Amino acid sequence: MLTGLAFLYTVGGVSPAKTSNASVPGLVIERTGEVLTFTLDNADHGNQVTGAMFDAMLATLQEQASRPSARVLRIRARGRVFCTGRERAGREVETIRNEAARIIEVKRSLRTSPLISVAEVQGDAFGFGFGLAILCDFVLVAEHATLKFPEMRSGLPPDAIMAYLGEYALPRFTFPLVLFGDPIAPQAASQIGLISQSCSADHLTRETDALVERILGLDPTAARHCKEFFQTTQQNNFAQNCRLAIEALTVSSLTVLAREK
């Protein structure tokens, strides 16, 4: 009996293409066809993410996790910067803890989402903004943008970012970034694995559009399974992954054979 990979048994597409919109101050959420878009629209405050924006993103990500209506999540921003951080409203232990828990849950939901996520970073990304982009499956950044984790300059270690940063680049590169808060150019960030690619600002939207189309050209079920299995293997040892691969290959092969009948 095949066990341990329950996600492989769920076969189905997304709901029919349509356009839907939702928004809160500072954030526009839209779905057009099979593409869901989060647009940060808080430019007067550096596109910092507020509590209401966090709640809206989390609710949408949770809904997509249980009842996917899209295949791609595109995160972008309006204005000169992508995102310069987050709102820090808490002043007491309980409210600060709740804020921290919400941040972590948004990041966890983004990373584990069944949607393939693409960050389109058209400008500077600091702290939470840079960390949010890194969690996406693909990160395209305008070559003029500045990327950095400046929290330590205010005496605040970026623990929420350090929780996963080492999975994307080697510690020799990432520890100085969080310790000193020095900026890193997109080309250098690409070379060490923190982003997917850098390109000119004029070509950023075109490159992102092309990537989204490539993703939509894949088999929907296979793409979701590919993402989930890839993430699963990162948490296991080689022997565990080999055992899971036997199950995964068996179920995937049976799925392909069923389509050929």
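None of these values were measured; they are calculated from a predicted model.

What counts, and at which threshold
Residues numbered from 1 in each chain as written. Predicted model: local features only at pLDDT ≥ 70, side-chain atom pairs only at ≥ 80, totals over all residues. Heavy atoms only, no water. Buried < 20%, exposed > 50% of the residue type's maximum accessible area, 1.4 Å probe, protein only. Phe/Tyr/Trp six-rings, centres within 6.5 Å; stacked < 30°, edge-to-face > 60°. Helix = DSSP H or I, 4+ residues; strand = E, 2+ residues; numbered from the N terminus. Patch = residues over 30% accessible without salt bridge, like charges linked within 9 Å, V, L, I, M, F, W, Y side chains within 5 Å. Areas by Shrake-Rupley, 256 points an atom, 1.4 Å probe, with all protein chains shown as cover. Salt bridge = Lys/Arg side-chain N within 4 Å of Asp/Glu carboxyl O. Core = buried A, V, L, I, M, F, W, Y, C linked by side-chain atoms within 4.5 Å. Contact = heavy atoms within 4.5 Å. Pairing = 2+ DSSP bridges. Expected span 1.5 Å × (residues − 1). Polar contact = N/O pair within 3.5 Å; in protein donor to acceptor, adjacent residues only side chain to side chain. Axes fitted to C-alpha atoms, helices over the stretch in contact; angles between N-to-C directions. Left-handed = near helix turned anticlockwise from the far one by under 90°. Nonpolar A, V, L, I, M, F, W, Y, C, P; charged D, E, K, R; others polar. Parallel < 35°, antiparallel > 145°, perpendicular 65-115°, else oblique.

## Considerations on unusual backbone geometry
(1) Moving on: Of note in the backbone geometry, Asn47 takes a positive phi value of approximately 55° without being a glycine.
(2) Moving on: Overall, Asn47 belongs to the buried group, its relative accessible area being 0%.

## Re the packing of aromatic side chains
(1) Moving on: Summed over the entire model, instances satisfying the criterion amount to 3 aromatic pairs.
(2) Moving on: Between Phe54 and Phe128 the ring centres are 5.1 Å apart and the planes differ by 75°, which places this aromatic pair in the edge-to-face class. Taken together, the residues span a long stretch of sequence, with Phe54 in helix H1 (residues 51-66) and Phe128 in helix H3 (residues 128-135) at a distance of 74 residues. Each of the two residues, Phe54 as well as Phe128, counts as buried.

## Overview of a nonpolar patch on the surface
(1) Moving on: The grouping of Met152, Phe175, Leu179 and Phe180 at the surface amounts to a nonpolar patch, some 370 Å² of accessible area in total.
(2) Moving on: You can see Phe175 is positioned in helix H5 (residues 171-180).

## A few points about the nonpolar core
(1) Moving on: One finds Phe38, Phe130 and Leu194 to be the most contacted residues of the largest nonpolar core, which totals 48 residues.
(2) Moving on: The contacts of Phe38, once residues within four sequence positions are left out, are Leu27, Val28, Ile29, Met57, Thr60, Leu61, Leu73, Arg74, Ile75 and Arg76.
(3) Moving on: Residues Val35, Val72, Leu140 and Leu204 belong to the second largest nonpolar core, which totals 11 residues.

## Observations regarding the pairing of strand E3 (residues 35-40)
(1) Moving on: Of all 6 residues in E3, 6 are buried, a share of seventy percent or more.
(2) Moving on: Of the two faces of E3, the one holding Val35, Thr37 and Thr39 and the one holding Leu36, Phe38 and Leu40 are both buried throughout.
(3) Moving on: Direction of pairing for strand E2 (residues 27-32) relative to E3: antiparallel, over a ladder of 6 bridges. Its bridge partner lying in E3, Ile29 is registered against Phe38.
(4) Moving on: Hairpin connection, E2 to E3: the antiparallel pair is bridged by 2 residues, and Gly33 has positive phi, about 60°.

## Regarding helix H8 (residues 220-235)
(1) Moving on: With 16 residues, H8 should cover 22 Å at 1.5 Å per step; its first-to-last C-alpha distance of 24 Å lies within 8% of that length.
(2) Moving on: Every buried residue belonging to H8 is among Thr221, Ala223, Arg224, His225, Lys227, Phe229 and Gln231, and all of these are buried.
(3) Moving on: Among the residues of H8, the N-terminal cap falls to Asp219, whose side-chain oxygen and the backbone nitrogen of Thr221 are separated by 3.2 Å.

## What to know about the pairing of strand E5 (residues 116-121)
(1) Moving on: Among the 6 residues in E5, 6 count as buried, and that is most of the element.
(2) Moving on: Alternating positions in E5 separate into two faces, Ile116, Val118 and Glu120 on one and Ser117, Ala119 and Val121 on the other, with burial throughout.
(3) Moving on: Bridging between strand E4 (residues 72-77) and E5 involves 4 bridges; their strand directions are parallel. Pairing of Val72 across the sheet is with Ile116, part of E5.
(4) Moving on: As defined by bridge partners, E5 adjoins strand E7 (residues 138-142) across 4 bridges and the pair is classed as parallel.

## Structural notes on the side chain of Asn42
(1) Moving on: In this fold, Asn42 is placed in the loop between E3 and H1.
(2) Moving on: Among the residues examined, Asn42 registers a relative accessible area of 14% and is labelled buried.
(3) Moving on: Side-chain polar atoms of Asn42 contact the backbone oxygen of Gln48, separated by 2.8 Å.
(4) Moving on: Leave out the neighbours within four places in its chain, and Asn42 touches Gly26, Asn47, Gln48, Thr50 and Met53.

## Remarks on the packing of H1 against helix H2 (residues 93-112)
To describe two helices that pack against each other, one gives the angle between their axes and the distance between the axes.
(1) Moving on: Between H1 and H2, whose axes approach to 10 Å, the crossing angle comes to 35°. With respect to the hand of their crossing, H1 and H2 are arranged in left-handed fashion. Residues Gly51, Phe54, Asp55, Leu58, Leu61 and Gln62 of H1 form the contact with H2, whose participating residues are Arg102, Ile103, Glu105, Val106, Ser109 and Leu110.
(2) Moving on: A per-class count over the contact of H1 with H2 returns 6 nonpolar, 3 polar and 3 charged.

## A short note on the pattern of salt bridges
(1) Moving on: Throughout the structure, instances matching the rule amount to 12 salt bridges.
(2) Moving on: Note that Arg71 is salt-bridged to Glu34, the shortest N-O span being 3.5 Å. Of this pair, Arg71 sits in the loop between H1 and E4 while Glu34 sits in the loop between E2 and E3; the two residues are 37 residues apart in sequence, bridging distant segments of the chain.
(3) Moving on: Overall, the relative accessible area of 9% leaves Arg71 in the buried class.

## What to know about the packing of H2 against H8
(1) Moving on: Following both chains from N to C, one finds H2 and H8 inclined at 120°, their axes separated by 10 Å at the closest point. If you check the angle between H2 and H8, you find them oblique. In contact with Leu110, Arg111 and Thr112 of H2, H8 contributes Lys227, Gln231, Gln234 and Gln235.
(2) Moving on: Of the residues that constitute the contact of H2 with H8, the class distribution is 1 nonpolar, 4 polar and 2 charged.

By themselves, these are just geometric observations and shouldn't be taken as functional.
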